[in-house]
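The lines below spell out each chain.
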Amino acid sequence: QGIAAIEEVGRALASDGPTPAALRLVTDVLVDRLGYELPSIYLGTRELVRLGAQRGYDEPIEMFTSDVGVVGRVMRTEALAFLPTTSGDPDYVSAQDNANAEISVPLVVDGEFLGVLNIESTSSRPLDTTDVRLVAAIADRLAVAIALGRERTAIADRAEMLGRLNAFSTRVGSTLDARD
């Protein structure tokens with residue numbers, strides 16, 4: 001089930017890019033297929049990430065800077081953070097009062113930081129090392145799919161620009177031909 005969910009996530013993001021709808025699909029898969037209660041995806045730079053999608057939060061945190069929270073620590077270090085219990089972690093900031101465990105994984109491809117996949121849980125769904133491995137695999141796939149989706153979008157934008165440039169050149173050329 002985890003592998004099929006990872007594949008579903010990858011296909012959606014690779015074809016559509018990191019659109020709000022595609023990111024919502026990822027959080028839907030994390031909740032509906034894998035049982036995670038509080039997933040969130042933040043996209044941005046090492047200095048600032050903004051919420052791309054989430055499920056389960058009453059009042060989600062809309063953005064993080066690299067000096068705030070476990071997400072901020074992950075942004076600074078680009079290292080996965082696993083808190084089997086959030087109590088006692090000086091960086092922990094919660095958007096949900098009953099959350100008590102967290103897995104936060106950087107989304108990095110070829111040295112480029114893209115964002116953070118964050119999973120929080122309540123006591124009704126504890127997180128363990130199996131979850132860490134699964135969430136890390138999903139984050140890797142998510143990062144690659146986001147990078148591919150961004151590249152596809154950039155290629156489409158360049159193709160559109162070249163098409164407009166070609167149309168402009170044709171119009172200018174026809175104007176010049178008419179003067180001869």
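Residues numbered from 1 in each chain as written. Predicted model: local features only at pLDDT ≥ 70, side-chain atom pairs only at ≥ 80, totals over all residues. Heavy atoms only, no water.

S.K.: Tell me about the nonpolar core, and please be specific about residues and values.
M.R.: Judged by nonpolar contacts, the single largest core of 31 residues is most densely connected at Leu-13, Leu-30, Ile-41, Leu-107, Leu-117, Ile-119 and Leu-142. Of all elements in the fold, only α1 (2-16), α2 (20-33), β1 (38-44), β5 (101-109), β6 (112-121) and α4 (129-179) reach the threshold of two or more residues within this core. The contact partners of Ile-119, leaving out residues within four places of it in the chain, are Leu-30, Tyr-36, Leu-38, Pro-39, Ala-101, Glu-102, Ile-103, Leu-127 and Val-135. Val-71, Met-75, Ala-81 and Phe-113 belong to the second-largest nonpolar core, a separate cluster that totals 15 residues. (Core = buried A, V, L, I, M, F, W, Y, C linked by side-chain atoms within 4.5 Å. Buried < 20%, exposed > 50% of the residue type's maximum accessible area, 1.4 Å probe, protein only. Helix = DSSP H or I, 4+ residues; strand = E, 2+ residues; numbered from the N terminus. Contact = heavy atoms within 4.5 Å.)

S.K.: Tell me what's going on with the sheet that holds β5, and back it up with residues and numbers.
M.R.: Strand order in the open sheet formed by 6 strands is β3-β2-β1-β6-β5-β4, and the pairing between neighbours is antiparallel. For this open sheet the edge positions go to β3 (63-65) and β4 (81-83), each flanked by a neighbour on one side alone. The mean angle between the axes of side-by-side strands here comes to 20°, regardless of whether they run parallel or antiparallel. Where β5 and β6 come together, 9 bridges link them in antiparallel fashion. The partner of Glu-102 across the bridge, within β6, is Glu-120. Sheet contacts for α2: β1, β2 (48-54) and β6; angle to β1, the most-contacted strand, approximately 150°. Running over the sheet, helix α3 (residues 69-77) touches β2, β3, β4, β5 and β6 and is turned about 30° from β5. (Pairing = 2+ DSSP bridges. Axes fitted to C-alpha atoms, helices over the stretch in contact; angles between N-to-C directions.)

S.K.: Describe the side chain of Asp-131, and please don't skip the residues or the numbers.
M.R.: Residue placement: Asp-131 occurs in helix α4. Within the local environment of Asp-131, its side chain forms a polar contact with the side chain of Arg-125, the two groups lying 3.3 Å apart. Reaching out from Asp-131, the side chain makes a polar contact with the backbone nitrogen of Asp-128 at a distance of 2.9 Å. Once residues lying within four places of it in the same chain are set aside, the contact partners of Asp-131 are Tyr-36, Ile-103, Arg-125 and Pro-126. (Polar contact = N/O pair within 3.5 Å; in protein donor to acceptor, adjacent residues only side chain to side chain.)

S.K.: Help me get a handle on the environment of Val-49, residues and values and all.
M.R.: Locating Val-49 in the fold gives a position in strand β2. When the C-alpha positions of Val-49 and Val-116 are compared, they lie 7.9 Å apart, and in sequence the two are 67 residues distant. Setting aside residues no more than four positions away along its own chain, Val-49 makes contact with Tyr-42, Leu-43, Gly-44, Glu-62, Met-63, Phe-64, Val-71, Met-75, Phe-113 and Gly-115.

S.K.: A description of the pattern of salt bridges should follow, citing residues and the corresponding values.
M.R.: Taken as a whole and judged by the stated rule, the model has 6 salt bridges. Close ionic contact of Arg-55 with Asp-28 constitutes a salt bridge, the shortest N to O distance being 2.8 Å. In this pair, Arg-55 sits in the loop between β2 and β3 while Asp-28 sits in helix α2, placing the two residues 27 residues apart along the sequence. A relative accessible area of 25% places Arg-55 in the partly exposed class. Asp-28 sits in the partly exposed class, given a relative accessible area of 28%. The salt bridge involving Arg-73 is made with Asp-91; its shortest N-O contact spans 2.7 Å. Residue Arg-73 is located in helix α3, and its partner Asp-91 is located in the loop between β4 and β5; the two are separated by 18 residues in the primary sequence. What emerges from the salt-bridge pattern is a single network uniting Asp-28, Asp-32 and Arg-55. (Salt bridge = Lys/Arg side-chain N within 4 Å of Asp/Glu carboxyl O.)

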